[in-house]
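The lines below spell out each chain.
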Amino acid sequence: MRALEKSPASLLVPFYFFLLGLLILFSLILLVQGVTGAGRNDSFTNMLFIMTGLTGLVSTFYMIRRYQVSVQKMLKERKTVVLTVEECSKCSYKAVRPFREGDYVYGYGEECPRCPKGSGDTGVENRMVITAIYLEGGRQEERY
Ligand SMILES: [Zn+2]
């Protein structure tokens, strides 16, 4: 059950290709039946077999191609960089840096490089506040 929650796609993919394999096999059988049956009495059925077999093969290859495209798209999307925007509440200095684990909107970011380091030992007062988390490319992921 836990594996399902983690990545349902990884379980679906082999099943998908198993189906595609069956479809190819079925189409090939139809095609061979139609070709070897040529010359026999029922030429219409042979033609139907060949046509169905060819259609099956073409649509299977089309599905594989579409799958490849979607995988490439997914890999491209994975490359997108997530950016964190930090703002100083005192001097309103704004900084954008790559997202780090643990970042959340209205959480504390890094120390403000502009404001002088206060006498406070916690350092929290000097830290900027995360105001937004973006996906590079303009699409916003979170904004409150
Ligand atoms: Zn500041």
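The notes below deal with the structure included here. For clarity, every value in this text was computed on a predicted model and none was experimentally measured.

## Some points on unusual backbone geometry
Although it is not a glycine, S92 sits at a positive phi angle of roughly 55°. Looking at the secondary structure, you find S92 in the loop between β1 (82-87) and β2 (94-98).

## So, the pairing of β2
Where β1 meets β2, five bridges bridge the pair, whose relative direction is antiparallel. Opposite E86, over in β2, you have A95 as the bridge partner.

## Comments concerning the packing of aromatic side chains
Applying the stated criterion to the full structure yields three aromatic pairs. Centroid distance Y16 to Y67: 5.6 Å. Interplanar angle 35°. Geometry classified as tilted. Of this pair, Y16 sits in helix α2 (residues 8-36) while Y67 sits in helix α3 (residues 43-79), and the two are 51 residues apart along the sequence. Take Y67: its relative accessible area is 23%, and that puts it in the partly exposed class. Their ring planes at 90° and their centres at 5.0 Å tell us that F17 and Y67 sit as a pair that is edge-to-face. Residue F17 is located in helix α2, and its partner Y67 is located in helix α3; the two are separated by 50 residues in the primary sequence. Pairwise contacts between aromatic rings join Y16, F17 and Y67 into one cluster.

## Examining the coordination of the zinc ion
Coordination sphere of the zinc ion, protein contribution only: C88 (SG), C91 (SG), C112 (SG) and C115 (SG), at 2.2 to 2.3 Å. In this structure, the zinc ion is surrounded by four donor atoms whose angles at the metal cover 106 to 114°, and the resulting shape is tetrahedral. All donors of the zinc ion belong to a single chain; written as a sequence motif, their spacing is C-x2-C-x20-C-x2-C. You can see C91 sitting in the loop between β1 and β2 and its partner C115 sitting in the loop between β3 (108-111) and β4 (127-135), a full 24 residues away along the chain. Judged by its relative accessible area of 12%, C115 is buried.

## Looking at the pairing of β4
Along β4, seven of the nine residues are buried, which leaves the element largely enclosed by surrounding structure. Direction of pairing for β1 relative to β4: antiparallel, over a ladder of six bridges. Counterpart to V85 in the pairing with β4 is A132. Note: β3 against β4, two bridges, orientation antiparallel. Looking across to β4, one finds that E111 is bridged to R127.

Thresholds, definitions, all that
Residues numbered from 1 in each chain as written. Predicted model: local features only at pLDDT ≥ 70, side-chain atom pairs only at ≥ 80, totals over all residues. Heavy atoms only, no water. Helix = DSSP H or I, 4+ residues; strand = E, 2+ residues; numbered from the N terminus. Pairing = 2+ DSSP bridges. Phe/Tyr/Trp six-rings, centres within 6.5 Å; stacked < 30°, edge-to-face > 60°. Buried < 20%, exposed > 50% of the residue type's maximum accessible area, 1.4 Å probe, protein only. Donors = N, O, S within 2.8 Å, 3.2 Å for Na, K, Ca; no water. Tetrahedral: all angles 85-135°; square planar, octahedral: opposite > 155°, others 65-115°.

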